[in-house]
Amino acid sequence: MLEPSSPRKLKIFIVIAVLALAVLGIVLVKSDSAKAVMPEVSFTNLKGEKISAQSLRGKVVMVNFWATSCTTCIAEMPEMVKTYQRFHAQGLEYIGVAMSYDPPNYVINYAETRQLPFHIALDTNGGIARAFNDVKLTPTTYVIGKDGVILKRYVGQPSFEELHQLLEQALKV
């Protein structure tokens, strides 16, 4: 403990505290300036069309990792469809990435019977999930800005009100 009769100790304490705050500030600025960007991956949708990360620049993109065996994924899918329909004309692109353990015939059946309006890609070898910081939990959704910077990652079902506000902001830029 500092003693009131020790001004030298108090000065040393203040100097250490100021330096600690300065270091913390530098760390926070550096972590904020080193924003994560969308990995350079290529998706192949169920129609066989290739979609590169580079071809998505200039658009706001949602990449949703999901599985037909994931009850939360299935529960959120109607809201994801509504979100896509609401924002697609403004420049939103959406890619649903089926996890490597999801049987392709289940994914195809689900996408066709629900008439999903956005791209669905199979991640048969898990490479896309690994590129996106090794996604293991579903659903995991990334929102990516027009410049390729990852704006937000949702693990689990997002708050759609918050998601829609984020999309509105990103699409304005």
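Values in this document were obtained by computation on a predicted structure and should not be read as measured data. (Residues numbered from 1 in each chain as written. Predicted model: local features only at pLDDT ≥ 70, side-chain atom pairs only at ≥ 80, totals over all residues. Heavy atoms only, no water.)

## Digging into the sheet that holds strand S3 (residues 60-66)
To summarise the sheet geometry, strands pair through backbone hydrogen bonds and adopt either a parallel or an antiparallel arrangement. Where we set the bar: Only strands joined by at least two bridges in the DSSP assignment are considered to pair. Secondary structure is summarised from DSSP: a helix means a run of H or I of at least four residues, a strand means a run of E of at least two, and numbering begins at the N terminus for each. Every angle, taken between N-to-C directions, lies between 0 and 180 degrees, and every axis is a line fitted to C-alpha atoms, over only the stretch in contact when it is a helix. Only heavy atoms matter for contacts: two residues are in contact if any of them lie within 4.5 Å across the pair.
Taken in spatial order, the 5 strands make up an open sheet running S5-S4-S3-S6-S7, and their pairing is mixed. Of all the strands in the sheet, the pair left with one neighbour each is strand S5 (119-122) and strand S7 (150-155). Each strand axis lies, on average, 20° off the axis of its neighbour in the sheet, ignoring direction. Direction of pairing for strand S6 (residues 140-144) relative to S7: antiparallel, over a ladder of 5 bridges. Across the sheet, residue Thr141 finds its bridge partner in S7, namely Tyr154. In the packing of helix H2 (residues 71-87) onto the sheet, the strands contacted are S3, strand S4 (92-98) and S6, and the crossing angle to S3 comes to about 165°. Contacts between helix H3 (residues 104-113) and the sheet are confined to S3, S4 and S5, with S5 contributing the most and set at about 175° to the helix.

## Observations concerning H3
What counts is decided by this rule: Burial classification: accessible surface area is computed with a 1.4 Å probe over protein chains only, and a residue below 20% of its type maximum counts as buried, one above 50% as exposed, and the rest as partly exposed. When we speak of the arc, we mean the arc of directions from the helix axis to the C-beta atoms.
For H3, the set of buried residues is Val107, Tyr110 and Ala111. The arc enclosing the buried residues of H3, seen along the axis, measures out at 95°, which places them on a common side. Of the residues in H3, the exposed ones pointing more than 90 degrees away from the buried face are Asn105 and Glu112. Looking at the packing, one finds that the buried side of H3 touches S3, H2, S4 and S5. Where H3 terminates, the next one or two residues include Gln115, which has phi positive at roughly 50°.

## Focus on the pairing of S4
Consecutive side chains of a regular strand alternate in pointing toward one face of the sheet and then the other. Under the convention used in this document: We call a crossover right-handed when, viewed with both strands directed away from the observer, the connection leading from the first strand over the helix to the second proceeds clockwise.
In terms of burial, S4 is largely enclosed, as 7 of its 7 residues are buried. On S4, burial covers both faces: Leu92, Tyr94, Gly96 and Ala98 on one face and Glu93, Ile95 and Val97 on the other are all buried. Crossover handedness for the path S3 to H2 to S4: right-handed. By the bridge criterion, 4 bridges tie S4 to S5 in an arrangement that is parallel.

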